[in-house]
Every structure is written in C-alpha cells, then in structure tokens.
Amino acid sequence: MKSLTSKIGIVIIAVLIIAALFAPWIAPHSPGEYHLDKSFAGSSLEYPLGNDADGRDILSRIIYGTRVSLGIGLVVVSISLVIGCIVGMAAGYSGGYLDKIFSFISDVFLAFPGFLFAVAVAAFLEPSVINVMIILSIKGWVSFARLVRGQTLAIKEREFIVAGRATGLKLPRLFFKHLFPNMVGPIVVNASFGMAGVIMIESSLSFLGLGVPVTTPSWGVMLDQGTKYLLIAPHLSIYPGIAIALVVLGFNFLGDGLRDMLAPKNR
Amino acid sequence: MILSYIIKRLLSALPVLLAVSTIVFFLIHAIPGDPVDLIVGEHALAVDRAELAHELHLDEPVITQYGKFLGGLATGDWGKSIYDRQPVLKHIAQRFGATFILAVCAMFIAVAISIPIGIVAAVKKGSFWDQAAMFFALLGISIPNFWLGPVLILVFSVELGILPISGRDSLVSLILPSITLGAALAAMLSRLTRSSMIEEIKRDYVITARAKGLSEKSVIFKHALRNALNPVITIVGLQVGALLAGTVITEKIFNWPGVGMLLLDSISRRDYPLVQGCILVISFAYVLVNTVTDCMYRVADPRVKL
C-alpha cells in the first residue's frame, strides 16, 4: 500500500490495538475511579484530558473504551464474515431456489436501514455488550453474503472450479480451498469498512442509551453523558468523539488503501 | 409503458413491506419475558394486567394477533399508545412533518455541497484540491453525527451566538440539524460524484465532444455530468434510509420534535405500540423512496430497459 492515507490508517489502528491490549498498563488511572472533588476539572498533569462529572479520568476511560469498540467490532465482523461466506457461497454456487430465497431475504434486510434495525431490536432488549454483538451480527452478515455470492457467481464457471468438480472434490473442500482464496481480497476490504460501520453503530446505540450498559467505559456512553454538560464542560464530549472519529477514519483509510491496491484502475 | 412500469415497481415493493412488518411484529413477540410485565411492571394488579393484555390482543393465539396486526396496518388502525391512549397514527402524523422537513433540508444541503466538490475533484484529479476534498470527504464519513452536532452547537450557538441551540422556532433553527444530518451524506456523495465523473471523462463520447471543438464547460456539464449523475441518483435514494434513521440521533441532539424523538421517548416509556409504529413508518418511507428513485432513474435514463 503506497498511499499516505492507508499508512495513516494502519498507524491509527496499530496504536488503538496496543491501547486495547495493554489498557491496564497504559491508562494512568482506573476507568471507574471516582474523584468527586475533581468533577468537570480541565486538563492537568495528573489527568491529561481532564475529569468527567464524577471526576473519573477521561483519558483512562477512552483507553479502556478501545476494548469495547474494537472488541465488539472484531466479534461482529468475524461472525458476519463466517455466516456471510457460507450463505453467500451456498446461494451463489447452487443457484435456483436457494439463491432466490437468499435474494429475497437480503432485499428485506436492505429495506431496513442498518441503524434503524439496530435501534428496533435494541429497543426490546436490555443494554448489554452481548446483546449489542447479537443485534449487529443479525444484519452484518448480509453485506458479506451478497459480496461472496457475487464473487462465487463470477468464479464458479472458471476452469479450475469446473475441474475441481469433475475430479469429485467434496463441497466444503471446493468452497474453502478453491473458491474462498480467490475472493479474499474483496472480503478483506469489506471487513475493514465493516469494522468502521460496526464501531459507528455501536457508539450511536450507546449514545442513545440502547447499546452497552451505562457503567461501561464506552465512547458512545461517554458522549451521551458528556452532551448533558456540553455548555459547562465541553471536554467531556469532545475527546470521546475524536476517539470514535479516529478509529472509524483508520478503518476507512485502510479499506480505501486495500481496495486501491486490489483494483488499481479505480485509483 | 412508463406508467405500467411504475405501477409494477410499486406493487413489487409490497412483499418487502409485508416482510418488514412481519419482522417488526415478531421482533416484539420475541422479547424475553412477558410484555405486560415490561409495560406495567410485575407488581401491577391482575385486573389491570388482564385489561392491558386484552387491549394488546395478547390473550389470543399469536397467529390471530398477527392477522389482526396486518389487517390493522392495511386499514390504518395501528393500535393505541399505551401512554396516552391516543391512536399511534395520530402521534406519528403530528411528528412526521418535522422529520420530513429535516430530512429534505439535509438532503438538499448534501447534494448542493457534494456535486460541485465531486466535479472539481474529478476535473482536477490528482491536484491539491482533489486530495484535500477527498481527505475531508473521508473525514466527513468518519465523524459521528452525535459529535458533529454538539461541536456545531458549541461553535455557532455558544461561541459565536448566531444560531439557536435547539428547538424548532424558525427557519434558522433548521440550519444546524440539517448540516449535522447531511454531513456524512455530503461526504459520501462527493466521493461518488468524483469517481463517477472520472469514469465518464475517460469515455469516447467525451473525446469526440472535445475533438469537435466544444468548450470544456460544455463537455463537462452538458455531456459528462449528465451521465455521471445516474449512479449518484441511485445512491441518494438508497441513502435516504440512512438519513431517516439518522434523524433519531439528530433529533435527540437538537431536541427536534420529529418521529425520531417520538421513537426514543416511546422506547423509554416502553410504549411498544408506538415504538412499532415509528419503526414501521420510517421503514415504509424508506422502501417507498427507494421505489420512487428507481422509477426516476429509469425514466431519466432511456438506455435502461423498462
């Protein structure tokens, strides 16, 4: 990847992954530590990004927040990827009724804007990390399945697949040893944009109070709590927002870079 | 022929609407626990519980409930709000206008900003302006609107004091919510216009147009742009859904009295008939807009077979 933006993307993501993995060592304070005498305090040496309404250290909460965002993103994208690949290959390879049923289901899912769908399901469930993962996966697999189906349709008539079928390869082997490796590129691009999308929807849900529980140090929750004090302490909302924008930007940059690398003519 | 296509296309949206309604219906019935408990609490009187269960048809078999639900949808009886016993559709009708205006303004701002930017970036491809525009476009896609909104309030309402913080008193109070809602779409459409224009500029007819001595202005605006806008129109239609869903957040930030606020209020009051109504009305609007854009697209581009 040559472009500057994709390099910036990789750096941002690397920094965030390190922050998530080593949060307890990097964070200067515990994310749940109350210092009521420090409510709404601005930046100081001890608390570089200041303190929130309960005097908790904003920097530490943002560092721990990477775990929530990246963790949910990774789980949801992995689940969506696995389900999407299996369904997409099956639909594209077999054609016929299976494909028609899949196409209808994906049309219906697309008839729901992703975020509204998440709000609709979340409205009826208790806020929890697991529920957020389930909600986002219910719709997440569709975009992977559509992509994989299209790729399968394009590849399945090529000689090596026909030859594989002729030599009597079993379907799972044909799918994962021969079909799958030929579509890894677009899938990885989709996964990168998928991470950006999932992280954005998770924080939006949490901002509305429909995502992770309010005690979790999540960026969306921090923003929700922060905007209540927007006029007296804007730093409560500014920093978590920058964190969300950075991680989403990172994955979008990476996705753009990967796509250009795979299809240089569109650059 | 065009008319019969439009009718056919509208009819084909019906199964999708039916499926969407079915999903919303079963979503509510898949909630773990008794909905009556969720609404009135476990300690309510048995009489009240039975009355509520009867009113929501919860004392009947699920399949009968489903039949009544679909029948109600078709005949305009979307149930009653548990909170104030008013018909769901009446609540929605009171709020829909505010959401509609917000969405239209956001869409207008997005299109007005993005298409000129996309054209300039494509014509000056690789230049500083192109790179700067595309950097800001990617930034625009990545900034959450629930951050952009508060920041706009801080800058324009608190620091500069030129625009109202919230509410819906005058046209001026539309400005910040529309920008908040439309920014991501503007960013996305600039990227799309740019790539679509770059594709078109490379084509033979553009070379021909230039060869026969047309001015650059005429080549770009009369020839390339008209073809480049087709995919943009399609995406605008598809993105109306994201825009309508985004109103939930924008309305919360700016205290805008639309369907999004109604949805959030109903969720916190556990007013499930109203929650269901809000979700259905937004989804229906989305399906309808997509169908209409699809028709427009095909009418505008005679090459597409009807």
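Look above for the structure.
Rules used throughout
Residues numbered from 1 in each chain as written. Chains lettered and ligands numbered in written order. Predicted model: local features only at pLDDT ≥ 70, side-chain atom pairs only at ≥ 80, totals over all residues. Heavy atoms only, no water. Helix = DSSP H or I, 4+ residues; strand = E, 2+ residues; numbered from the N terminus. Buried < 20%, exposed > 50% of the residue type's maximum accessible area, 1.4 Å probe, protein only. Areas by Shrake-Rupley, 256 points an atom, 1.4 Å probe, with all protein chains shown as cover. Lys, Arg positive; Asp, Glu negative; His and termini not counted. Charge placed at Lys NZ, Arg CZ, Asp CG, Glu CD. Axes fitted to C-alpha atoms, helices over the stretch in contact; angles between N-to-C directions. Left-handed = near helix turned anticlockwise from the far one by under 90°. Nonpolar A, V, L, I, M, F, W, Y, C, P; charged D, E, K, R; others polar. Salt bridge = Lys/Arg side-chain N within 4 Å of Asp/Glu carboxyl O. Parallel < 35°, antiparallel > 145°, perpendicular 65-115°, else oblique. Contact = heavy atoms within 4.5 Å.

*Asks:* Please explain the overall build of chain B as it appears in this structure.
*Replies:* Helices and strands together make up the secondary structure of chain B, namely 12 helices and 0 strands. Shown N-terminal to C-terminal, the secondary structure of chain B runs as helices and strands in the order α-α-α-α-α-α-α-α-α-α-α-α. Based on the C-alpha atoms only, the size of chain B along its principal axes is roughly 85 × 55 × 30 Å. In chain B, which comprises 306 residues, the share counted as buried stands at 46%. For chain B, the accessible surface area stands at approximately 15100 Å², while carbon and sulfur atoms represent 67% of it. Distance from the positive charge centre (26 side chains) to the negative charge centre (22 side chains) of chain B: 15 Å.

*Asks:* Just to check I follow, could you spell out the packing of helix α5 (residues 88–123) of chain B against helix α8 (residues 175–201) of chain B for this structure?
*Replies:* How two helices sit against one another is set out by the angle between their axes and by the gap between those axes. Residues and elements named next belong to chain B. Taken N-terminus to C-terminus, the directions of α5 and α8 make an angle of 35°; their axes are 6 Å apart at the nearest point. Seen from above, α5 lies across α8 with right-handed handedness. The residue makeup of the contact of α5 with α8, split by class, is 23 nonpolar, 6 polar and 1 charged.

*Asks:* How should I be thinking about the pattern of salt bridges in this particular structure?
*Replies:* Pairs can form between side chains of opposite charge once their charged atoms are near each other. Applying the stated rule across the entire model yields 8 salt bridges over all chains. Asp224(A) is paired through a salt bridge with Lys252(B); the nearest N and O atoms lie 3.0 Å apart. Separated into two different chains, Asp224(A) in helix α10 (residues 219–227) and Lys252(B) in helix α10 (residues 216–254) make up a pair that spans both. Asp224(A) sits in the buried class, given a relative accessible area of 12%. Among the residues examined, Lys252(B) registers a relative accessible area of 28% and is labelled partly exposed. Ionic pairing is found between Glu216(B) and Arg210(B), a salt bridge with its closest N-O pair at 2.8 Å. For Glu216(B), a relative accessible area of 41% translates into the label partly exposed. On the accessibility criterion, Arg210(B) (36% relative accessible area) is partly exposed. Residues joined by salt bridges that share partners form a network here, namely Asp256(A), Arg259(A) and Arg191(B).

*Asks:* Would you explain the packing of helix α5 (residues 114–122) of chain A against helix α9 (residues 184–207) of chain A in this entry?
*Replies:* Residue and element names in this part refer to chain A. Look at α5 against α9: their axes get within 10 Å of each other, and the N-to-C directions meet at 45°. Classified by the angle between their axes, α5 and α9 sit oblique to one another. Considering how the two elements wind past one another, α5 and α9 form a crossing that is right-handed. Here Gly114, Phe115, Ala118, Val119 and Ala122 of α5 come into contact with α9, specifically with Ile201, Ser204 and Leu205. Looking at the contact of α5 with α9, its residues break down into 6 nonpolar, 2 polar and no charged.

By themselves these figures say nothing about function.
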